[in-house]
Amino acid sequence: GIVKLSKERVAALSATLVDKLIAGGMIESVGERKALVASLDRVVTDELSVEDRINAQAKELMGKYEAEIAKGHLDEHQVFLMIKKQLVKEKGAIL
């Protein structure tokens, strides 16, 4: 199923990950830990919203097929999936 994470949960996970990476000697913090956590938080949040942005763009692009869908010539869900698949391919996204 789909798991949605709150901003607070993403921030907590980012902090935990940074702490474990530093403790494990996998990374060395050259600046403030807080800045590193904030950067990771931004990256994770951005990655988690990729599918939402692609879905929104696909819905916008579906307007081109509105008349054909209304006439029953095209299946709305199939058109959405087709557009979404193309956008994922164009953007090189991994969902």
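Structural data are supplied above this passage.
Not measured: the values here are computed from a predicted model.

## Some remarks on the overall build of the protein
Each helix and strand in the protein was counted, giving 5 helices and 0 strands. Taken over C-alpha atoms, the radius of gyration comes to 19 Å for the protein, far larger than the 12 Å a tight globule of 95 residues would show. By principal-axis analysis of the C-alpha atoms, the protein measures approximately 60 × 25 × 20 Å. For the protein, the residues scored as buried account for 20% of the 95 residues in total. Element-wise, carbon and sulfur atoms account for 57% of the exposed surface of the protein, whose accessible area totals about 7500 Å². On the protein, the mean spot of the 15 positive side-chain charges and the mean spot of the 15 negative ones are 1 Å from each other.

## Description of the packing of helix α1 (residues 7-23) against helix α2 (residues 33-48)
With their axes 8 Å apart at the nearest point, α1 and α2 run at an angle of 125° to one another. Looking at the two axes, α1 sits oblique to α2. Between α1 and α2 the crossing geometry is right-handed. Residue-level inspection shows Val 10, Ala 11, Ser 14, Ala 15, Leu 17, Val 18 and Asp 19 of α1 in contact with α2, the latter providing Arg 33, Leu 36, Val 37, Leu 40, Asp 41, Val 44, Thr 45 and Leu 48.

Conventions we followed
Residues numbered from 1 in each chain as written. Predicted model: local features only at pLDDT ≥ 70, side-chain atom pairs only at ≥ 80, totals over all residues. Heavy atoms only, no water. Helix = DSSP H or I, 4+ residues; strand = E, 2+ residues; numbered from the N terminus. Rg over C-alpha atoms; globule rule 2.2 N^0.38 Å. Buried < 20%, exposed > 50% of the residue type's maximum accessible area, 1.4 Å probe, protein only. Areas by Shrake-Rupley, 256 points an atom, 1.4 Å probe, with all protein chains shown as cover. Lys, Arg positive; Asp, Glu negative; His and termini not counted. Charge placed at Lys NZ, Arg CZ, Asp CG, Glu CD. Axes fitted to C-alpha atoms, helices over the stretch in contact; angles between N-to-C directions. Parallel < 35°, antiparallel > 145°, perpendicular 65-115°, else oblique. Left-handed = near helix turned anticlockwise from the far one by under 90°. Contact = heavy atoms within 4.5 Å.

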